[in-house]
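Commentary on secondary and tertiary structure
Take a look at the letters that make up each chain.
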Amino acid sequence: MVRERGDWAKYHECLLRQVKYFEKMKSAFAEEKTAFEADKKSEEWGHEGLKSNLCAAEELLSKEQAEWKAVCRKDNKRMYVARSKITDLEAQIATLKGKVEDAKAEKGRIEVASKDKDLMAKDVGIVELNRRLFDAHDKNESLEIDLELRG
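Read on for a plain summary of the structure. Because the structure is a prediction, the values reported are computed rather than measured.

Regarding the overall build of the chain
- A tally of regular secondary structure across the chain gives two helices and zero strands.
- Here the C-alpha radius of gyration of the chain, 49 Å, is well above what a compact globule of 151 residues would show, namely 15 Å.
- Seen through its principal axes, the chain has C-alpha atoms that stretch 165 × 15 × 15 Å.
- By element, 58% of the accessible surface of the chain is carried by carbon and sulfur atoms, the whole surface being about 13,300 Å².
- Here the chain contributes 31 positive and 32 negative side-chain charges, whose respective centroids are spaced 4 Å apart.

Here you go:
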């Protein structure tokens, strides 16, 4: 019986040590589990934060692209209007040059003695056409310069 009691006491001590070791391991496991859960939440929050930052950046980029396209459309319209004006002015210049040359040719055909008054009127018309030609030419050059500066 003494021997059984000694074995039992040893067994009891062994069990107590195992229980203490188990309690120690259980608390260490609980601490590690808590740390793991905290890290997991941090990673999830970090992921969500990065995802929201990405969405915000994409939204900002799409807004900037839309604004840029609107500015380009507006600028293209302005350039188209300027080019149209230049083309119209060039056509007017060609027409005025033709009229000036016609007037000069007509002036050469008219007899000097009988048509003095008509020649003076034609001279005034030629002067006026020349003036309009130079005005149109100057306006055309200024529009071309503006177009080159903007383009």
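Having seen the model, we can carry on.
Side note on the environment of glutamate 90
- Among the structural elements, glutamate 90 can be located in helix H1 (residues 2-109).
- Linking glutamate 90 and aspartate 118, residues 28 residues apart in sequence, is a C-alpha distance of 30 Å.
- Among all residues touching glutamate 90, those that are not within four sequence positions of it are Asn140 and Glu144.

Section: the side chain of asparagine 140
- Structurally, asparagine 140 can be placed in helix H2 (residues 116-150).
- Sequence-distant contacts of asparagine 140, defined by excluding residues within four places in its chain, comprise Ile86, Leu89, Glu90 and Ile93.

Considering the pattern of salt bridges
- Evaluation of the coordinates by the stated rule reveals four salt bridges.
- A salt bridge links lysine 63 to glutamate 59; its shortest N-O distance comes to 3.5 Å. Of this pair, lysine 63 and glutamate 59 both sit in helix H1, four residues apart, which is roughly one turn of that helix.
- Relative accessible area serves as the criterion here: at 47%, lysine 63 is assigned to the partly exposed category.
- According to the relative accessible area criterion, glutamate 59 is partly exposed, its value standing at 45%.
- Across the pair arginine 131 and aspartate 135 runs a salt bridge whose closest N-O atoms are separated by 2.9 Å. One end of the pair is arginine 131 and the other is aspartate 135, both in helix H2 and four residues apart, which spans about a single turn.
- The class of arginine 131 is partly exposed, set by a relative accessible area of 42%.

Examining a negative patch on the surface
- A cluster of acidic side chains, namely Glu37, Asp39, Glu43, Glu44 and Glu48, defines a negative patch on the protein surface.
- By secondary structure assignment, the location of glutamate 44 is in helix H1.
- Judged by its relative accessible area of 42%, glutamate 44 is partly exposed.

Parameters at a glance
Residues numbered from 1 in each chain as written. Predicted model: local features only at pLDDT ≥ 70, side-chain atom pairs only at ≥ 80, totals over all residues. Heavy atoms only, no water. Helix = DSSP H or I, 4+ residues; strand = E, 2+ residues; numbered from the N terminus. Rg over C-alpha atoms; globule rule 2.2 N^0.38 Å. Areas by Shrake-Rupley, 256 points an atom, 1.4 Å probe, with all protein chains shown as cover. Lys, Arg positive; Asp, Glu negative; His and termini not counted. Charge placed at Lys NZ, Arg CZ, Asp CG, Glu CD. Contact = heavy atoms within 4.5 Å. Salt bridge = Lys/Arg side-chain N within 4 Å of Asp/Glu carboxyl O. Buried < 20%, exposed > 50% of the residue type's maximum accessible area, 1.4 Å probe, protein only. Patch = residues over 30% accessible without salt bridge, like charges linked within 9 Å, V, L, I, M, F, W, Y side chains within 5 Å.

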